[in-house]
Amino acid sequence: MSNVRERIREKKRIVVKIGSSSLTHNETGDMDYIRMEKLVRELSNIRNQGKEVVLVTSGAIAAGKNAVNLKDIRVDSQAESLAVKQACAAVGQARLMMTYQKLFAEYNQVAAQILMTKNTIVDNLNRYNAHNTFSELLKMGVIPVVNENDTVATYEIEIGDNDTLSAIVAAMVGADLLILLSDIDGLYTDDPRKNPNAQFIEQVDALTEDLIGMGKATTGSNVGTGGMNTKLVAAEIAMKSNMDMIIANSRDIGVLHRILAGEKEGTLFAAGQDDNFDLPEFVKGLHMK
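Definitions and cut-offs
- Residues numbered from 1 in each chain as written.
- Predicted model: local features only at pLDDT ≥ 70, side-chain atom pairs only at ≥ 80, totals over all residues.
- Heavy atoms only, no water.
- Salt bridge = Lys/Arg side-chain N within 4 Å of Asp/Glu carboxyl O.
- Helix = DSSP H or I, 4+ residues; strand = E, 2+ residues; numbered from the N terminus.
- Buried < 20%, exposed > 50% of the residue type's maximum accessible area, 1.4 Å probe, protein only.
- Polar contact = N/O pair within 3.5 Å; in protein donor to acceptor, adjacent residues only side chain to side chain.
- Contact = heavy atoms within 4.5 Å.
- Expected span 1.5 Å × (residues − 1).
- Pairing = 2+ DSSP bridges.
- Axes fitted to C-alpha atoms, helices over the stretch in contact; angles between N-to-C directions.
- Parallel < 35°, antiparallel > 145°, perpendicular 65-115°, else oblique.
- Nonpolar A, V, L, I, M, F, W, Y, C, P; charged D, E, K, R; others polar.
- Phe/Tyr/Trp six-rings, centres within 6.5 Å; stacked < 30°, edge-to-face > 60°.

Applying the stated criterion to the full structure yields 14 salt bridges. Residues Lys-11 and Asp-244 are paired through a salt bridge, measuring 2.8 Å at the closest nitrogen-oxygen approach. Taken as a pair, Lys-11 in the loop between helix H1 (2-8) and strand S1 (13-18) and Asp-244 in strand S9 (residues 244-249) lie far apart in primary sequence, 233 residues in all. Judged on exposure class, the residue Lys-11 and its partner Asp-244 are both buried.

As structure tokens, this is what we get:
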């Protein structure tokens with residue numbers, strides 16, 4: 001096990017995902033600028049070590065709702081609800097990116113925005129172009145900041161959560177490490193918020209049916225869209241793509257440099273290899289799972 005943690009130090013291309021609940025204040029839903037600044041500082045420091053880094057970030061809809069003083073979406077139909085969310089995403093994504101650009105500039109880093117939908121992966125030409133864009137940005141030393149394109153995404157073309165999106169991005173760009181920053185320490189045998197006897201799982205070498213069964217879609221936040229279920233979907237993509245993945249608590253953003261120093265933080269899902277794994281086909285079937 002120690003060998004697996006040791007090899008984390010050698011990782012060169014890293015994707016980091018952070019969720020809405022880690023970027024906003026629980027009490028108000030407003031952006032947590034101190035948390036964002038610490039995240040940007042950590043990512044900039046990873047870049048300064050000569051590593052490549054991609055950030056997958058949530059928070060657009062939350063930022064947009066806050067900007068237009070909308071606490072709850074109360075509408076008569078699902079179509080109206082979708083339209084309101086998409087409008088909030090349009091406002092919020094611009095605000096979110098503006099904040100990241102300012103913060104990264106303070107650490108002399110250049111950030112780029114990439115917005116994706118399921119079609120970006122499923123369509124061969126779109127995937128090819130997206131891969132080329134990521135490759136060029138990383139070659140230039142730029143930090144891509146990725147989110148789902150919530151302004152246009154509907155059920156048919158949405159990925160639906162950024163845990164899965166981050167694993168898809170990591171697989172597409174050939175990353176060797178994916179870090180999911182969450183509001184939980186890692187994988188447990190049960191929901192630790194409800195069951196005090198839940199046992200922490202330090203390392204997963206294979207995704208068994210029992211483990212997948214633990215991934216009940218629970219989340220401690222009404223802001224995010226993912227629970228442990230989406231993290232296990234991300235783990236499946238990562239492990240089959242021969243990539244290590246770690247779920248760690250975003251309570252202390254400094255966990256990033258401790259992970260990259262090989263310290264035992266969070267749950268590590270050890271890389272495997274599935275030569276039959278087809279990323280576009282997997283993504284195509286996401287809503288059928």
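There's plenty left to go through after this.
With that settled, consider the side chain of Asn-249. Its place among the elements puts Asn-249 in strand S9. At 2.9 Å, the side chain of Asn-249 and the backbone nitrogen of Arg-251 are in polar contact. Beyond its immediate stretch of four places on either side in the chain, Asn-249 contacts Ser-182, Asp-183, Ile-184, Asp-185 and Val-255.

Before going further, it helps to examine unusual backbone geometry. Positioned with a positive phi, Asn-69 is a non-glycine residue whose angle comes to about 55°. Even without a glycine there, the phi angle at Asn-242 is positive, about 60°. Secondary-structure assignment places Asn-242 in the loop between helix H10 (228-240) and S9. For Asn-242, a relative accessible area of 43% translates into the label partly exposed.

In this model H10 runs 18 Å from its N-terminal to its C-terminal C-alpha over 13 residues, within 8% of the 18 Å that 1.5 Å per residue would give. Extensive coverage of H10 is indicated by the burial of 11 of its 13 residues. Every buried residue of H10 is listed here: Met-228, Thr-230, Lys-231, Leu-232, Val-233, Ala-234, Ala-235, Glu-236, Ile-237, Ala-238 and Met-239. Backbone geometry just downstream of H10 places Asn-242 in the positive-phi region, at approximately 60°.

Another point: the sheet that holds S9. Taken in spatial order, the eight strands of this open sheet run S3-S4-S2-S1-S5-S9-S10-S8, and their pairing is mixed. The open sheet terminates on both sides in strands that have one partner only, identified here as strand S3 (111-116) and strand S8 (203-204). Pairing analysis gives two bridges linking S8 to strand S10 (residues 267-269), with the strands arranged parallel. Counterpart to Val-204 in the pairing with S10 is Phe-269. Against the sheet, helix H8 (residues 162-173) touches S1, strand S2 (52-57), S3, strand S4 (143-148) and strand S5 (177-182), its axis set at about 170° to S1.

What follows is about the packing of helix H7 (residues 124-139) against H8. Helix packing geometry: the angle between the two helix axes and the distance between the axes. Taken N-terminus to C-terminus, the directions of H7 and H8 make an angle of 80°; their axes are 10 Å apart at the nearest point. As summarised for this structure, H7 and H8 are arranged roughly perpendicular, according to the angle between their axes. Where H7 approaches H8, its residues Arg-127, Ala-130, His-131 and Phe-134 are matched on the opposing element by Val-169, Met-172 and Val-173. By residue class, the composition of the contact of H7 with H8 is five nonpolar, one polar and one charged.

Quick look at the packing of aromatic side chains now. If you walk through the whole model with that rule in mind, you get three aromatic pairs. Between Tyr-188 and Phe-200, the aromatic rings sit 5.3 Å apart at their centres with planes inclined by 70°, giving edge-to-face as the arrangement. Of this pair, Tyr-188 sits in strand S6 (residues 187-188) while Phe-200 sits in strand S7 (residues 200-201); the two residues are 12 residues apart in sequence, bridging distant segments of the chain. Residue classification places Phe-200 among the partly exposed positions, given a relative accessible area of 36%.

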